[in-house]
Amino acid sequence: MAEYYLEFEKSLKGIDEQILELETGDDSNINRTKIDELKKKRDKELKKIFSGMSRWEKVQLARHPKRPFSLDYIMSMAPDFIELHGDRYFSDDSAMIGGLGSIDGQSVMFIGQQKGRNTNENIYRNFGMMRPEGYRKALRLMKLAEKFNVPVVSLIDTPGAYPGIGAEERGQGEAIAKNLLEMARLQVPILAIVIGEGASGGAMGIGVCDKMIMLENTWFSVISPEGCASILWRDASLAPKAADAMKVIPNDLLEMGICDEVIKEPLGGAHRNPGETATILKNVILKYLKELLTIDPDTFLENRIKRYDQIGVFKEHS
C-alpha cells in the first residue's frame, strides 16, 4: 500500500486508510462486504484520476518515491542476477548497477540507473545520477556482453548525469560520448526501457538501442521540465508549461518515432502493484529479445543509423 501521495492522488488517501484499518482488524471484526465496497470505490476514483492526467502529473508520477527501481525489476525477473562492479579505471558507481542474469533461461546483461528509497540510500546512489565511472562501467559490461553474445537490457531512470566538479574533471562528457559511439556499433541487441525518468545525456549515455519501450507513467527528454522553464522563462515553477511544450510523455515519443511501444501499467501506476508491473515488463522483454536475436549482428550499426536518422524528420506540404 502506498504511504506517499502526490497532490492529485490525495483523494485516495482516506479510502486506502479505511481499507487498511478494516483488513488489519481482528478476524471476527473484518467486514468483507465493506472492504469490497471500498475497493470498488477506490478503483472508480483511480480511473477518474488516471484517465485525465496532464503531462506534468505524469512527470511527477515517474518520480514517485514508491515506484519500482531497476534492482526491483531485475530481481523479480532474474533472481539469479549477479551484480558486477567497477569501471577498471577509477572506481565503482553505485548510481549505476549492472550484471548478468537470466529471464526464463535467456541470458541477459542488465544495466540500469538506481535510486534510493530514503535519504541515506539516495546519498549512496547519488539520486540515480551517474558519474563518468558509471558510464565506463556500463560500457565495460556491454563489451563483455558482446564478447559472450548476450543481449543488453538497459533500464533508464535518472534526473540526469551528475553535474559535479569531480565528474567534469574525470571526463563526464567524454564518457557519455564514448558510450554513444560504442553502443551504436555494439554487435548484440540493445533493448532500452524507460522505467521512470529519462533526462538529458544522463539517459542517452545508456540509451542508444535497437528498440525503446516506455512504461506508461514515465518521461524522456533532452532536459527536465524545470530545467527548460528555468532557461526559457527564468522560472522553474513554469515546469508544467515546459512539459507540455517539450512533449515528454510516452505517447508523445511514440508519435515522434523515438519510442517503439508504450507499456500499460496496473491501475494507479507501477507503485501500486510492483509485482504485476514486473511480470508485464518481463513478458515484453522476452517478446522483443526473441525478435532482436534473429537479426544479423553485422547489420546492427546500419539499422541503428537508420533508426536515429529518421527521428525528428518531417516534410512540409505546400
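Residues numbered from 1 in each chain as written. Predicted model: local features only at pLDDT ≥ 70, side-chain atom pairs only at ≥ 80, totals over all residues. Heavy atoms only, no water.

(A) The packing of helix α1 (residues 13-23) against helix α2 (residues 32-50), seen in detail. At a minimum axis distance of 10 Å, the contact between α1 and α2 shows a crossing angle of 155°. Considering their axes alone, α1 and α2 lie roughly antiparallel with respect to each other. Between α1 and α2 the crossing geometry is left-handed. Touching Ile15, Asp16, Gln18, Ile19, Leu22 and Glu23 of α1 are Lys34, Ile35, Leu38, Lys39, Lys41 and Arg42, all from α2. Counted by class, the contact of α1 with α2 contains 5 nonpolar, 1 polar and 6 charged residues. (Axes fitted to C-alpha atoms, helices over the stretch in contact; angles between N-to-C directions. Helix = DSSP H or I, 4+ residues; strand = E, 2+ residues; numbered from the N terminus. Parallel < 35°, antiparallel > 145°, perpendicular 65-115°, else oblique. Left-handed = near helix turned anticlockwise from the far one by under 90°. Contact = heavy atoms within 4.5 Å. Nonpolar A, V, L, I, M, F, W, Y, C, P; charged D, E, K, R; others polar.)

(B) Quick look at the environment of Lys211. With respect to the element layout, Lys211 can be found in strand β6 (residues 211-215). Taking the C-alpha atoms as reference, Lys211 lies 11 Å from Val284; in sequence the two are 73 residues apart. When neighbours within four sequence positions are excluded, Lys211 is seen to be in contact with Ile190, Leu191, Ala192, Asp260, Tyr288, Glu291, Leu292 and Arg307.

(C) Looking closely at the environment of Trp233. Along the polypeptide, Trp233 turns up in helix α10 (residues 225-233). For Trp233, a relative accessible area of 30% translates into the label partly exposed. Remark: the alpha-carbon pair of Trp233 and Lys315, spanning 82 residues in sequence, is separated by 30 Å. Setting aside residues no more than four positions away along its own chain, Trp233 makes contact with Leu238, Lys241 and Ala242. (Buried < 20%, exposed > 50% of the residue type's maximum accessible area, 1.4 Å probe, protein only.)

(D) Fine view of the packing of aromatic side chains. Within the structure shown, the criterion is met by 1 aromatic pair. Look at Phe81 and Phe110: their rings are 6.1 Å apart centre to centre, the planes differ by 80°, and that puts the pair in the edge-to-face class. Here Phe81, found in the loop between α4 (70-77) and β1 (82-83), pairs with Phe110, found in strand β3 (residues 106-113); they are 29 residues apart in sequence, far enough to count as distant. Arg131 extends its terminal NZ or CZ atom over the ring of Tyr162, reaching a point 5.0 Å from the ring centre. Over the aromatic face of Trp233 sits the side chain of Lys241, whose NZ or CZ is 4.4 Å from the ring centroid. (Phe/Tyr/Trp six-rings, centres within 6.5 Å; stacked < 30°, edge-to-face > 60°. Lys NZ or Arg CZ within 6 Å of the ring centre and 35° of its normal.)

(E) Molecular detail of the side chain of Glu133. On the secondary structure map, Glu133 appears in helix α6 (residues 132-147). Given a relative accessible area of 4%, Glu133 falls into the buried group. At a separation of 3.0 Å, a polar atom in the side chain of Glu133 contacts the side chain of Arg170. Those residues in contact with Glu133 that lie beyond four places of it in its chain are Asp87, Phe90, Ser91, Asp92, Asp93 and Arg170. (Polar contact = N/O pair within 3.5 Å; in protein donor to acceptor, adjacent residues only side chain to side chain.)

(F) Structural view of the side chain of Arg67. Within the secondary structure, Arg67 sits in the loop between α3 (55-62) and α4. At 3.0 Å, the side chain of Arg67 and the backbone oxygen of Ile195 are in polar contact. Ignoring anything within four residues of it in the chain, the contact list for Arg67 reads Leu61, Ala62, Asp72, Arg117, Ile195, Gly196, Leu215, Asn217, Thr218, Glu265, Ala270 and His271.

(G) Quick peek at α2. Across its 19 residues, α2 extends 26 Å between first and last C-alpha, which sits within 8% of the 27 Å expected from 1.5 Å per residue. Buried residues of α2: Ile35, Leu38, Arg42, Glu45, Leu46, Ile49 and Phe50, and no others. Within α2, the buried residues cover an arc of 115° as seen down the axis, which keeps them to one side. α2 presents Thr33, Lys40, Lys44, Lys47 and Lys48 as exposed residues on the side facing more than 90 degrees away from its buried surface. (Expected span 1.5 Å × (residues − 1). Arc of directions from axis to C-beta.)

(H) Fine view of the nonpolar core. If you look at the biggest cluster of nonpolar residues, it comprises 32 residues, and the most contacted ones within it are Ile111, Met142, Val152, Ile156, Met212 and Phe220. The set of elements that each furnish at least two residues to this core consists of β3, α6, β4 (152-158), α8 (172-184), β5 (190-199) and β6. At 6 residues, α6 tops the list of elements feeding residues into this core. In this view, Met142 contacts Ile111, Val152, Asn179, Met183 and Leu186; residues no more than four positions away in its chain are not counted. Judged by nonpolar contacts, the second largest core, of 26 residues, contains Val108, Leu155, Ala278 and Tyr288. (Core = buried A, V, L, I, M, F, W, Y, C linked by side-chain atoms within 4.5 Å.)

Everything listed here is a matter of coordinates, which is why it stays silent on function.
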